[in-house]
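# Coordinates in review
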Number of protein chains: 2
Amino acid sequence: MPGPSPDAPLPARPTLEAVAARAGVSRATASRVVNGGAGVRQPLVDQVRKAVEELGYVPNHAARTLVTRRNGAVAVIIDEPEARIFSDPFFSQHIRGISRELNAHDAQLVLLLVEGRGDFERVSRYLGGGHVDGVLAFSLHTDDELPAAIRRFRVPVVYGGRPGRPGAPTDAVPFVDCDNRGGAREAVRHLAGLGRRNIAHIAGPRDQTSALDRIDGYTDVLPDADPALLIDGDFTVEGGARAMAELLERRPDVDAVFVANDLMASGALRVLRERGRRVPQDVALVGFDDMESVAEATDPPLTTIRQDVVGMGRLMVRLLMERLEDGGAGPESVITPTRLVRRASA
Amino acid sequence: MPGPSPDAPLPARPTLEAVAARAGVSRATASRVVNGGAGVRQPLVDQVRKAVEELGYVPNHAARTLVTRRNGAVAVIIDEPEARIFSDPFFSQHIRGISRELNAHDAQLVLLLVEGRGDFERVSRYLGGGHVDGVLAFSLHTDDELPAAIRRFRVPVVYGGRPGRPGAPTDAVPFVDCDNRGGAREAVRHLAGLGRRNIAHIAGPRDQTSALDRIDGYTDVLPDADPALLIDGDFTVEGGARAMAELLERRPDVDAVFVANDLMASGALRVLRERGRRVPQDVALVGFDDMESVAEATDPPLTTIRQDVVGMGRLMVRLLMERLEDGGAGPESVITPTRLVRRASA
């Protein structure tokens, strides 16, 4: 049987081995009884069941699934309110990739919706109930309690985006992410290469590693930039509009902005148009994501850093299925490349 | 214990009563053993377990949940591909209402995504696994196999939209719907009241009862309309555009259209603008749904028939929770009213 996930100590609990020893049967027989008793002689069934009672053994459904994939189902958890999940195409594309790949593995996608952070206790209960074989979790925030719950219930997991629990060793948990920092550097270098002098950055929320890594990429290229040019956003259209308005107050001479996602860039574009700033002549813009429905629909269309969101969803499923099928080999993470897509905004 | 759903015969299977009789214990004791054995003396536990083995009794998890709500989770199944779920605001609003109300009941929303009709077998397996206490299903099509699967596994269910299995008595299954036929009549009467003579209808897909009922409302008011004025659509923006283009070919003198949903109406508007037809001067349009993000965003904004989609989602949850809590009283369905919302398009 594969071991528990390697990144946390686990409380002692009666093992199946202990049950087998007490019942005086082999581990395989004990396992068969715990899993329904088919093909085991009645006296042995009774002995094992007695040992189970006496030891207070609780079958670890989550660990069992590592071997059996018995539920044929994988949970997807997105740590965002439902309103954002349905309004940000990033999530629908991620889910599209996951859905197609799970389909190819004949596994049911079980999307667990949360309204707010208080709902994690309920989600944890569902995971603890052994209803799914594994979990794909994304859009985590650094103060999330979800990773701890997933560890506690020993449910195999692959994260979308590098989990950012402060102090946690990131090499202990498997994740799929894009090269956020490298992509950000390419965006800023592109703007600098156009001769822009006052290059700003509208950042994502600082409790997400994707936002932090993109900020790092910006400061890698412009270590001496005026701190007033770095302004916080929240990955929404409205947040991008607010940040752009404040940026124009702070630094009316801004001539380029690297915006941490396409949705915020579309909000920033609207504000620039309202204020009579021409894009790209007065202010050049580069986004991040390359969401077709956003980046190609804006006026002008967005130059942006493309990440393959559908492909990353498929990859998350493949990593999880490998863990389920080969019994939880060591965690493996994948960083996918990004690339600059040139359109009219820069 | 509540009875099975009343609308289908069920195969004979060993009952808990049979187990209790064979073990020589009361039904309550047999139930306690099957549910974990807490507080039952060991000899009785052994007797019951022996009877379970001998009879091949399988605990009916789905039926048990009627009493216990033990999973704390409710499945939502939408019979549409994931791409439509995330692009049509009808679904996100429906889910919004469901999510809020489930939250108020401390129940986890479990969204089961399907890619195509072939996936229902997999969804059925998940339902049969007893992982959820009940099901909310919507956007069914008349040839769906889902209702049969739900009946087979005896999972309590409330439908969104009247299920339309041909020949099935609709009073046997609880559903929440809006007054599709009455709303359609109001839309067409409004256009007739504006003095329009050639009033067309772009219909939804004919395998959904909402589309069929809206067609009925149209023909209620205009029983002698030229059949060429009734044209099929598919509830998508592109489908509405295609239908409008064909309608202009068939009847260039069309001066009003009742469109079966707002998304199709936005596609129809685009085609009318491209062909130089003014709305509402040349062609008046009325939609259906009153999706804010669509009806208020079009140019001109849409006159439409409002249905309270968020409220209908909440109502579905309340009906289901009543069934779970009072043990499955007879099915109750609710038809919610619609109303005309006047904007510039008619």
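Above: the structure in question.
Fair warning: this is a prediction, and the values are worked out from it, not measured in the lab.

Residue and element names in this part refer to chain A. Taking strand neighbours across the sheet as the criterion, the six strands line up as E7-E6-E8-E9-E10-E12 in an open arrangement whose pairing is mixed. The two strands at the open ends of the sheet, each matched to only one other strand, are strand E7 (230–232) and strand E12 (339–341). The mean angle between the axes of side-by-side strands here comes to 20°, regardless of whether they run parallel or antiparallel. The pairing of strand E8 (residues 256–259) with strand E9 (residues 284–289) spans three bridges and is parallel. Paired with Ala256 across the bridge in E9 is Ala284. Most of the contacts of helix H12 (residues 262–274) go to E9, to which it runs at about 155°, and overall it touches strand E6 (199–203), E8, E9 and strand E10 (303–306).

Often, the extent of an interface is quoted as the loss of accessible area on bringing the components together. Tallying the contact residues gives 33 residues for chain A and 33 residues for chain B. Counting the surface lost from both chain A and chain B, the interface buries some 3,200 Å², and carbon and sulfur atoms represent 48% of this. Our count for the chain A to chain B interface comes out at six salt bridges. Close ionic contact of A:Glu82 with B:Arg96 constitutes a salt bridge, the shortest N to O distance being 2.7 Å. Run the count over chain A and chain B and you get 19 residue pairs in polar contact (both at pLDDT 80 or more). Class assignment of the residues belonging to the side of chain A that touches chain B gives a composition of 15 nonpolar, eight polar and ten charged. Where strand E2 (residues 108–113) of chain A lies against strand E2 (residues 108–113) of chain B, five bridges are found, and the strand directions are antiparallel. Opposite A:Leu112, over in E2(B), you have B:Val110 as the bridge partner.

Here we come to unusual backbone geometry. Residues and elements named next belong to chain A. Omega for the bond connecting Val279 with Pro280 falls within 30 degrees of zero, at 10°, which places this linkage in the cis form. Within the secondary structure, Pro280 sits in the loop between H12 and E9. Look at the link from Asp299 to Pro300: it is a cis peptide, with omega at 0°. Checked against the element boundaries, Pro300 lands in the loop between helix H13 (292–295) and E10. For Asp290, which is not glycine, the phi dihedral falls at a positive 60°. Counting through the fold element by element, Asp290 comes out in the loop between E9 and H13. The buried category is assigned to Asp290, whose relative accessible area is 6%.

Reading guide: rules and limits
Residues numbered from 1 in each chain as written. Chains lettered and ligands numbered in written order. Predicted model: local features only at pLDDT ≥ 70, side-chain atom pairs only at ≥ 80, totals over all residues. Heavy atoms only, no water. Pairing = 2+ DSSP bridges. Helix = DSSP H or I, 4+ residues; strand = E, 2+ residues; numbered from the N terminus. Axes fitted to C-alpha atoms, helices over the stretch in contact; angles between N-to-C directions. Contact = heavy atoms within 4.5 Å. Buried area = accessible area lost by both parts, 1.4 Å probe. Salt bridge = Lys/Arg side-chain N within 4 Å of Asp/Glu carboxyl O. Polar contact = N/O pair within 3.5 Å; in protein donor to acceptor, adjacent residues only side chain to side chain. Nonpolar A, V, L, I, M, F, W, Y, C, P; charged D, E, K, R; others polar. Buried < 20%, exposed > 50% of the residue type's maximum accessible area, 1.4 Å probe, protein only.

In short, shape yes, function no, at least from these values alone.
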